[in-house]
Amino acid sequence: MHLHNITLHDFGAYQGRQSLDLRVKPKRPIVLIGGLNGCGKTTLLDAIQLVLYGPRARCSGRGNRSYDTYLRESINRAADPSRGAELRLEFSITVEGRPRTYEVVRTWSVSGKQLKESLNVSVDGQYSRTVSDGWAEHVEEILPLEVASLFFFDGEKVEQLADPERAADVIEAAVHSLLGVRAVEQLRTDLLALQRRQRLSQEDLGALEEINDLEAKTKAAGQEVADLSQHRANATSQLDVAQTKLGKIERDFERAGGRLYEERRSLEASKDATAARLAETQKALRSLAEGTLPLLLVREQLASLQEQAVREQEATEARQIVGALEARDAWLIDQLPDDIPAAARTALKKKLTADRKKRASAAELAQDLGLPRDLAQKLSVLDHNLQNDAARSAELLQEAQKTLHELQEADRQLAAVPDEQQIKALIEDRQQAMEATVVARAAVEHNDALLEEAKGRRDRFEADLERSQQKRIKTFIREEELQRITTYAEKARNTLERFGEALLRKHISSLEVAVLRSFQKLMRKSGLIKDLRIDTDKFQLALTNHDGEPIDPARLSAGERQLLAISLLWGLAKVAGNRLPTVIDTPLGRLDSRHREHLVDRYFPHAGRQVLLLSTDEEIDENLLRRLKPSIAHSYVLVHDDTTFTTRVAPGYWWTEGALHAV
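Owing to the predicted nature of the structure, the values given are computational and were not obtained by experimental measurement. (Residues numbered from 1 in each chain as written. Predicted model: local features only at pLDDT ≥ 70, side-chain atom pairs only at ≥ 80, totals over all residues. Heavy atoms only, no water.)

## Comments concerning the overall build of the chain
In step 1: Across its full length, the chain holds 20 helices and 15 strands.
In step 2: Counting over 663 residues, the chain shows a buried share of 40%.
In step 3: Counted over contacts in the chain with a minimum sequence separation of 6, partners at least 24 positions apart contribute 71%.
In step 4: Element-wise, carbon and sulfur atoms account for 50% of the exposed surface of the chain, whose accessible area totals about 37,400 Å². (Helix = DSSP H or I, 4+ residues; strand = E, 2+ residues; numbered from the N terminus. Buried < 20%, exposed > 50% of the residue type's maximum accessible area, 1.4 Å probe, protein only. Contact = heavy atoms within 4.5 Å. Areas by Shrake-Rupley, 256 points an atom, 1.4 Å probe, with all protein chains shown as cover.)

Right, dumping it as structure tokens:
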């Protein structure tokens, strides 16, 4: 793959149309691009990835933003959003021994709230709708995204690759994609597809078309679900922000007495009702006080009086009974028969007389006040009423005390109510935050509904696809006449599997040698590492010194780890034949002067057939520029205007006449 040129139009800091010729010549593989920090070097690296991979591009400036948001914000601030931005990349590859030139143009613009993006691909000067529509798959055949990360990197990525865990992933992806191992796997997959196609009869072609159609619908539905999931995640994030803001305002509102302010009228009404209730209670107490209640003060005297009245009543009744008994006893004596002995008659008279005397003694009082006969009954009724009044007054007093406490509490709450002018701004902010939260929650619910509908469609397509595939499998079983082709295809797949394993071991062995030699060539301490191994199962790096002892890459210095990562990338490029361009952003940030010279002399001129160096003036300085100059095909400097915050591309480099004039 050979990059010809790239054009940026109103992308990031690049205002207007800025183009760079990237073609190189034999023995001059380097395109040097200089720029101070913040001038747009990384933006240029992002542009190459964005034009090729679109939403899958690993752009450093994207962060956690959605793809639409990233595209909106990448339009130059001085440009008209409705006209948008454009990226144009021209490159060539060799297909079946013949060069083929591609021009990829990615444009996007903003219309209202909608973002419109388009992608057009021309092959050998002719627009190709097929390639344009299937570019996401087509570019993976030309330059897989995982492989691109090995050749488009900055200093931070280089240091990350020195991590054994991350390096393992990189090596595995590179070996499978870059060194042809994946092609063997693809061939095995193609043979499996051949087996399945050979089993199909004419009658099954319709079923196959149905399956292909269902697969396309399922894929589209899956993409729709993914897109809606992203939209829902964005809506949820906005809701979280709105709820967080509302929560903070609510706390401020609470601390400022906002709740009391809102409840002021209710508090005033409650206070009035409490005061009215207290007045009614006090009125009831006064009513009791106007009746017999004060007699509770002489309740003991009333009890003594009642006892005297009872005694006098009993004495009166006893006197009445004694009088009646005297007459009755005389009558009883007269009624006795005459034949009763006198002694018996005399004994009975004595007994009756003794009974009357006993009753008469009970009727005698120490003190007789001459109280009315019904006074005891009236005093009993009065005592009962006094008991009721005492209980009622106790209830009323308790209720009055409780009501008075409630009235005092209402006064304290009303005293704490803030003034309207003090809380007015908080009320407005709170209302706005509540409205924003409602809008955000509605957006989440709307996205939830759309997502559920999309999931339902996807599930239906998947179920239909599974049923069709099951039906096709049953048909395959009946196609026994083509078993021979299937058998030989299976044998070929087994052979390819063994071949793939052997190819992997061969490439790993070559890669070990290439990485070790590259590392030793770049290292200032040439005797630090004696051997380097790569595990074929876990693809992890293992380093040993001259004593055969293992060396943990994490214990290397920052510069040594960076050189190890560069050696890994360089070794991969060597084993792959250096057929891809290498783009390096800020390559020398953590290296000392000796290591920098080693990279300039030993790596950059030999890193590949085409090398794009994005450097600051402190990395490739005047001294290193002289050492690198014989290998430079083109040089550019990114000139940044600090007043308009825009960047333009000028030919040359620092310490050259044209570039100095441009700067």
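Having seen it, we continue.
## A short note on helix 1 (residues 41-53)
In step 1: Taking 1.5 Å as the rise per residue, helix 1 with 13 residues should run 18 Å; its terminal C-alpha atoms sit 19 Å apart, in good agreement.
In step 2: With 11 of its 13 residues buried, helix 1 lies for the most part within the structure.
In step 3: Those residues of helix 1 lying buried are Lys41, Leu44, Leu45, Asp46, Ala47, Ile48, Gln49, Leu50, Val51, Leu52 and Tyr53.
In step 4: Downstream of helix 1 by a residue or two, Gly54 has a phi angle that is positive, lying close to 60°. (Expected span 1.5 Å × (residues − 1).)

## Focus: the pattern of salt bridges
Once the charged atoms of two side chains with opposite charge are near each other, the side chains can pair.
In step 1: For the coordinates displayed, the defined rule picks out 21 salt bridges.
In step 2: In this structure, Arg457 and Glu224 form a salt bridge, with 2.6 Å as the shortest nitrogen-oxygen distance. Residue Arg457 is found in helix 15 (residues 420-478), and its partner Glu224 is found in helix 9 (residues 202-255); the two are separated by 233 residues along the sequence.
In step 3: The shortest N-O distance in the salt bridge between Arg392 and Glu395 comes to 3.6 Å. In this pair, Arg392 and Glu395 are both assigned in helix 14 (residues 375-416), 3 residues apart and thus about one turn of the helix distant.
In step 4: You can call Arg392 partly exposed: its relative accessible area is 39%. (Salt bridge = Lys/Arg side-chain N within 4 Å of Asp/Glu carboxyl O.)

## Some points on the nonpolar core
In step 1: Among the nonpolar cores identified, the biggest contains 58 residues, and Leu50, Leu52, Phe91 and Trp135 are the most heavily contacted of them.
In step 2: The element contributing the most residues to this core is helix 1, with 8 residues.
In step 3: Those residues within four positions of Phe91 in sequence are excluded, and the remaining contacts are Met1, His2, Leu3, His4, Leu52, Arg100, Thr101, Tyr102, Val104, Trp135 and Ile142.
In step 4: One finds Leu511, Phe519, Leu543 and Ile620 within the second-largest nonpolar core, a separate group that totals 46 residues. (Core = buried A, V, L, I, M, F, W, Y, C linked by side-chain atoms within 4.5 Å.)

## A short note on helix 4 (residues 135-142)
In step 1: Trp135, Val139 and Ile142 are the residues of helix 4 that are buried. Along the axis of helix 4, the buried residues cluster in a sector spanning 50°; they form a single face.
In step 2: Buried-residue contacts for helix 4 involve helix 1, strand 4 (85-95), strand 5 (98-111), strand 6 (114-123) and helix 3 (129-133). (Arc of directions from axis to C-beta.)

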